[in-house]
Amino acid sequence: MIMRKLGRHPSHRQALMRNLATDLFAHERIRTTEVKAKELQQVAEKLITMAKKGDLHARRQVAAVIADKEVVKKLFTEIATRYTERPGGYTRVMKLGPRRGDAAPMALVELVE
């Protein structure tokens with residue numbers, strides 16, 4: 001997987017994706033820049049696919065990315081069960097337009113019903 005650098009060092013980039021994924025699963029939709037949203041979509045899809053397996057190994061792999069135990073629990077009990085019949089495409093990225101201040105292109109990332 002080739003990841004965009006996002007102008008950050010690898011450890012900072014990893015922490016950014018962990019925080020964005022945690023917030024996405026906690027709130028089920030977040031607002032961020034388009035580039036971060038596209039990267040987050042890849043990470044979130046893989047985490048949901050792992051959570052659908054539901055075994056202990058998958059839970060530990062997800063817990064290595066998501067730091068909040070309550071969010072991991074929500075991912076396995078609520079979100080993964082919602083997508084049992086769906087083969088993929090769990091998230092949606094909607095473009096919102098430029099951000100006021102620096103005109104960065106913004107997007108909304110949300111979980112599909």
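Scroll up to find the structure.
In this report, the structure presented in the accompanying data block is examined. (Residues numbered from 1 in each chain as written. Predicted model: local features only at pLDDT ≥ 70, side-chain atom pairs only at ≥ 80, totals over all residues. Heavy atoms only, no water.)

Another aspect to go through is unusual backbone geometry. With the exception of glycine, most residues fall at negative phi, and the peptide bonds are largely trans. Here E28, not a glycine, exhibits a phi torsion of approximately 70 degrees, which is positive. Among the structural elements, E28 can be located in the loop between helix 1 (10-27) and strand 1 (29-33). A residue is classified by how much of its surface remains accessible, and E28, at 24% relative accessible area, is partly exposed. Within the chain, A103 stands out as a residue other than glycine whose phi angle is a positive 60 degrees. (Helix = DSSP H or I, 4+ residues; strand = E, 2+ residues; numbered from the N terminus. Buried < 20%, exposed > 50% of the residue type's maximum accessible area, 1.4 Å probe, protein only.)

Our focus in this paragraph is the packing of aromatic side chains. The final tally for this structure, using the stated rule, is 1 aromatic pair. Here the basic side chain of R59 rests over the ring of F76, its NZ or CZ set 4.3 Å away from the ring centre. (Phe/Tyr/Trp six-rings, centres within 6.5 Å; stacked < 30°, edge-to-face > 60°. Lys NZ or Arg CZ within 6 Å of the ring centre and 35° of its normal.)

By size, the foremost hydrophobic cluster in this structure holds 31 residues, and its most contacted members are F25, L40, L47, I48, V62 and I66. For this core, the secondary-structure elements that each account for two or more residues are helix 1, helix 2 (34-53), helix 3 (56-65), helix 4 (69-82) and strand 3 (105-111). Among the elements that line this core, the one with the most residues is helix 2, at 8 residues. Excluding anything up to four places from it in sequence, L40 contacts M17, L20, A21, L24, I30 and V109. (Core = buried A, V, L, I, M, F, W, Y, C linked by side-chain atoms within 4.5 Å. Contact = heavy atoms within 4.5 Å.)

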